[in-house]
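The lines below spell out each chain.
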Amino acid sequence: EDQVTQSPEALRLQEGESSSLNCSYTVSGLRGLFWYRQDPGKGPEFLFTLYSAGEEKEKERLKATLTKKESFLHITAPKPEDSATYLCAVRDAGGTSYGKLTFGQGTILTVHP
Amino acid sequence: GAVVSQHPSWVICKSGTSVKIECRSLDFQATTMFWYRQFPKQSLMLMATSNEGSKATYEQGVEKDKFLINHASLTLSTLTVTSAHPEDSSFYICSAVAGGPGEQYFGPGTRLTVT
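Residues numbered from 1 in each chain as written. Chains lettered and ligands numbered in written order. Predicted model: local features only at pLDDT ≥ 70, side-chain atom pairs only at ≥ 80, totals over all residues. Heavy atoms only, no water.

1. A closer look at the overall build of chain A
Formally: Going along the chain from the N terminus, every DSSP run of H or I of four or more residues is numbered as a helix, and every run of E of two or more is numbered as a strand. All radius of gyration figures rest on C-alpha atoms, and the globule criterion is 2.2 Å times the number of residues raised to 0.38. The buried label goes to any residue with under 20% of its type's maximum accessible area, the exposed label to any with over 50%, and the partly exposed label to all in between, with areas taken from a 1.4 Å probe on protein chains only. Residue contacts follow a heavy-atom distance rule, with two residues in contact if any of their heavy atoms lie within 4.5 Å. Only the protein chains shown count as cover for residues, and all accessible areas are computed by the Shrake-Rupley method using a 1.4 Å probe. Positive: Lys, Arg. Negative: Asp, Glu. His and the chain ends are not part of the count. Throughout, a charge is located at the NZ atom of Lys, the CZ atom of Arg, the CG atom of Asp or the CD atom of Glu.
On a plain count of helices and strands, chain A comes out with zero helices and 11 strands. Along its sequence from the N terminus, chain A presents helices and strands in the succession β-β-β-β-β-β-β-β-β-β-β. The C-alpha radius of gyration of chain A comes to 14 Å, within 12% of the 13 Å expected for a compact globule of 113 residues. Principal-axis analysis of the C-alpha atoms places the extent of chain A at approximately 45 × 30 × 20 Å. Relative to its 113 residues, chain A shows a buried fraction of 48%. For chain A, the proportion of contacts with a sequence separation of at least 24, taken over those separated by at least 6, is 55%. Total accessible area computed for chain A in this model is approximately 5600 Å², and 48% of it derives from carbon and sulfur atoms. Where the 13 positive side-chain charges of chain A centre and where its 15 negative ones centre are 4 Å apart.

2. Let's talk about the interface of chain A and chain B
To keep it simple, the criterion reads: Two parts lose some accessible area (1.4 Å probe) when they are put together, and adding that loss for both gives the buried area. We call two N or O atoms a polar contact when they sit within 3.5 Å, provided that within protein one can donate a hydrogen and the other can accept it, with sequence-adjacent residues counted only if both atoms are side-chain atoms. All residues other than Ala, Val, Leu, Ile, Met, Phe, Trp, Tyr, Cys, Pro, Asp, Glu, Lys and Arg, Gly among them, are scored as polar; the first ten of these are nonpolar and the last four charged.
In this assembly, 22 residues from chain A lie in contact with 22 residues from chain B. Taken over both partners, the interface formed by chain A and chain B buries close to 1700 Å², and the fraction arising from carbon and sulfur atoms is 52%. On the surface where chain A and chain B come into contact, there are four residue pairs in polar contact (both at pLDDT 80 or more). Looking at the side of chain A that touches chain B, the elements with two or more residues in it are strand 4 (30-38), strand 5 (45-50), strand 9 (84-92) and strand 10 (101-103) of chain A. Examining the composition of the side of chain A that touches chain B, we find that four residues originate from one element, strand 4 of chain A, more than from any other. Broken down by class, the residue content of the side of chain A that touches chain B amounts to nine nonpolar, nine polar and four charged.

3. Observations regarding the pattern of salt bridges
Should their charged atoms come close, side chains of opposite charge can pair. This is how the line gets drawn: What counts as a salt bridge is simple: a side-chain nitrogen of Lys or Arg found within 4 Å of a carboxyl oxygen of Asp or Glu.
Applying the stated criterion across every chain yields a total of six salt bridges over all chains. We note a salt bridge from A:R61 to A:D82, for which the minimum N-O separation is 2.8 Å. Pair noted here: A:R61 is in the loop between strand 6 (56-59) and strand 7 (62-66) and A:D82 is in the loop between strand 8 (70-75) and strand 9, with a separation of 21 residues, a long-range link. Overall, A:D82 belongs to the buried group, its relative accessible area being 7%. We note a salt bridge from B:E22 to B:R24, for which the minimum N-O separation is 3.5 Å. When its relative accessible area of 25% is taken as the criterion, B:E22 is described as partly exposed. Overall, the relative accessible area of 34% leaves B:R24 in the partly exposed class.

Geometry only, nothing functional implied.
Set out below in structure tokens:
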């Protein structure tokens, strides 16, 4: 069974203080690791998909990296508007639910001005 | 990115009534859509996989007779909560896959409150 563990559960940063969020996963065959941002009362907003170890993707202050066991979401010089819950999910290679995602519990990020 | 919409965004209903939630892919065709449920301060839990033109696949523990899913076209899936009870109150979110092993985009969610 696929498992996704995110750490830390909550992270408080000062504006401009860079940090990283971790996503450890166990999956039979990875067909994508996804990062989403979710604001309170809203659906998840797509950020990145990573498919193979060594892959990296960037968007503004965010950079996602992938190894065979974990992914990191690096936040450089965060701003208060980056405050949100960041969700990691994996999609495995097999099963009848093609495209099914298994989510971690999320990391609640709060950036103070 | 691709856009997925949901309607309604929130609904309040009385215990014992049924509620229908619509999920639409606005600018792409989605052969597969997913329905998730999210309780406060918890992550998303997959309820079922909806495939256009065929029966939905439900996750273990999800009552198929209570949560009816219909994927009538490549842009529309509906979730009907039948005989709703207060414990069905939750945030329901749909998502759609943009063909092949592509990105999965989520709708804005529907807040259901059963009184």
